[in-house]
Amino acid sequence: MAETNQQHHPDTPIYMGIDAGTSGLRACCIDDQAKLLAQAELPFPTPNTRGIEISQDPTLWSNVLFDLIHRLNKYISYDRLAAITIDGTSGTVLLCDAHGNPTSPALMYNDARAGQQVAQLKTLTDNAAVLSVSAGLPKLLWLIENTTQDTATHLMHQADWLNFQLTRITGLSDVNNCLKTGYDPVHHQWPDWFSALPALQAQLPQVHQPGEPMATISADVAKLLKMPTDTQIVAGTTDSHAAILATGINQPGEAVTSLGSSLVVKVIGETPIFNQQYGIYSQPFGDYWLVGGGSNSGGAVLREYFTDSQMDALSQQINPQHDTELNYYPLLTPGERFPINDPNLKPQLSPRPDNDEMFLQGLFEGIAQIEYSAYQKLAELGAPYPSTIYTAGGGAKNSVWREIRQRYCQTQIKQSQYTEACYGSALLAKHGYQQK
């Protein structure tokens, strides 16, 4: 997939954003007015899965990265490329040597092998961002304990590894990818309790703010990719955070609900909130904070019962202003994180009505109720209740679901012009270049 806009003036800078999502890489270029000029995407190979262990050879990502950049070059010249920013999946991590060669496989964001390391971390910290098997820190501890450590000198997140392919400089990262590795975004430092983890402490990267220039592209890589040798590599963020940037929210009270496989809610607040019980944490967001949490409900439950085309067809038969009163709590398996923290919470998906459109509407309503409860919980803890909610993720396209959500949340729900994470990363690249 690619699209082009021929109105770009050849003498003005362009900015590239690259999104390493769960299934592949997407890239786009924008101009000084943030107009989308071209975009392209390529899939990743399927990760290696063995039960709860999900890993991948990171060199596969770098192969796709270079292929994608070459593909995008067919649609737009890089002569005026000024800056590149890359986002990556949160909690996807690996170890490397001093030359950037992987010394371990990459443990993917959904790898769940590090339960023992989470238990160990609970004796050191109450930081909710790291106390989950999906977080980067317990996975990195697992790798340090279970892989050969003779040559490992740097821990890397997925975005760090991809940035290294462009800069050939190890040890560079950003605040948001480092959050689930334990970085303290309030005091801008790695925490003191890391002294209890000396092998990890020796491998920590230098941490940059998202949108801060980190380095210029390596001369060899610039030549290979037909890019200017002064192209800036600007610090990125996580894929979910980049998708939020893409919506354009920037004021306290504005929120984004991400309707992907899971349901993630984020609202801009003036002060950070951290709450271990509900897995709520905050990320720096310009002069403010992005406060949020994630539910185990979401699009993965819908896809268990319906294809995208079935949902589109059935949605046309739904009256979004009429409530089914089915009171579902849609989950694939027992266990919820937020807005209810109960590892044993059972899915509530019965009774199932005879007609499919009513069942689908019940699922939509159940997820909308969870979204409303999530924003209510954040407000209880001190965040503003949303004045406006923008929607990102695949579920953003369904207008019937949007009307149902608006009825439950009692807040204006808007469709963003852009919701692609790569567009959010391109905005960071533009910001970084213009700040330097």
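Residues numbered from 1 in each chain as written. Predicted model: local features only at pLDDT ≥ 70, side-chain atom pairs only at ≥ 80, totals over all residues. Heavy atoms only, no water.

Enquirer: Explain the layout of surface pockets to me, please; I cannot follow it from the model alone.
Expert: Over the atoms, a rolled probe matching the size of one water molecule traces out where space is still vacant. Within this model, the second largest pocket holds a volume of roughly 580 Å³. Around the second largest pocket sit 17 residues that line it, and Leu-245, Phe-285, Gly-286, Leu-428 and His-431 are the ones nearest its centre. Breaking the lining of the second largest pocket down by element, the ones donating at least two residues are α8 (239–247), β17 (281–285) and α13 (421–435). In terms of residue count, the dominant contributor to the lining of the second largest pocket is α13 (three residues). For the lining of the second largest pocket, the residue count by class is eight nonpolar, seven polar and two charged. (1 Å grid on protein atoms, 1.4 Å probe; cavity = no way out; pocket = protein on both sides within 12 Å on 5 of 7 lines; lining within 4 Å. Points joined across faces, edges and corners; volume = space filled by probe spheres on them. Helix = DSSP H or I, 4+ residues; strand = E, 2+ residues; numbered from the N terminus. Nonpolar A, V, L, I, M, F, W, Y, C, P; charged D, E, K, R; others polar.)

Enquirer: Any chance you could explain helix α2 (residues 115–122) here in plain terms?
Expert: Taken residue by residue, α2 has Gln-117, Val-118 and Leu-121 as its buried positions. Viewed end-on, α2 has its buried residues packed into an arc of 105 degrees, placing them on one side of the element. Turned more than 90 degrees from where α2 packs its buried face, Gln-116 and Lys-122 sit exposed. Structurally, α2 contributes buried residues whose contacts are with α3 (136–146). (Buried < 20%, exposed > 50% of the residue type's maximum accessible area, 1.4 Å probe, protein only. Arc of directions from axis to C-beta. Contact = heavy atoms within 4.5 Å.)

Enquirer: Looking at this model, I keep getting lost on the sheet that holds strand β19 (residues 388–392). Mind explaining?
Expert: The pairing of strands in a sheet comes from backbone hydrogen bonds and takes either a parallel or an antiparallel form. Here we have six strands laid out as an open sheet, ordered β17-β18-β16-β15-β19-β20, and mixed in their pairing. Each edge of the sheet is formed by a strand with only one pairing partner; in this case those strands are β17 and β20 (412–415). Neighbour-to-neighbour, the strand axes of this sheet turn through a mean angle of 25 degrees, independent of strand direction. Relative to strand β16 (residues 263–269), strand β15 (residues 254–259) runs antiparallel, the two being bridged by five bridges. Looking across to β16, one finds that Leu-259 is bridged to Leu-263. (Pairing = 2+ DSSP bridges. Axes fitted to C-alpha atoms, helices over the stretch in contact; angles between N-to-C directions.)

Enquirer: What is the right way to look at the pattern of salt bridges in this model?
Expert: Note that side chains of opposite charge can pair when their charged atoms are close. Evaluation of the coordinates by the stated rule reveals eleven salt bridges. Where Asp-356 meets Arg-352, a salt bridge forms, and the shortest distance between an N and an O atom there is 3.2 Å. Judged by its relative accessible area of 42%, Arg-352 is partly exposed. Taking the shortest distance from any N to any O, the salt bridge between Glu-380 and Lys-377 comes out at 3.3 Å. Of this pair, Glu-380 and Lys-377 are both found in helix α11 (residues 356–380), three residues apart, which corresponds to roughly one turn of the helix. A relative accessible area of 61% places Glu-380 in the exposed class. The network of salt bridges with shared partners includes Arg-50, Glu-53, Asp-111 and Arg-113. (Salt bridge = Lys/Arg side-chain N within 4 Å of Asp/Glu carboxyl O.)

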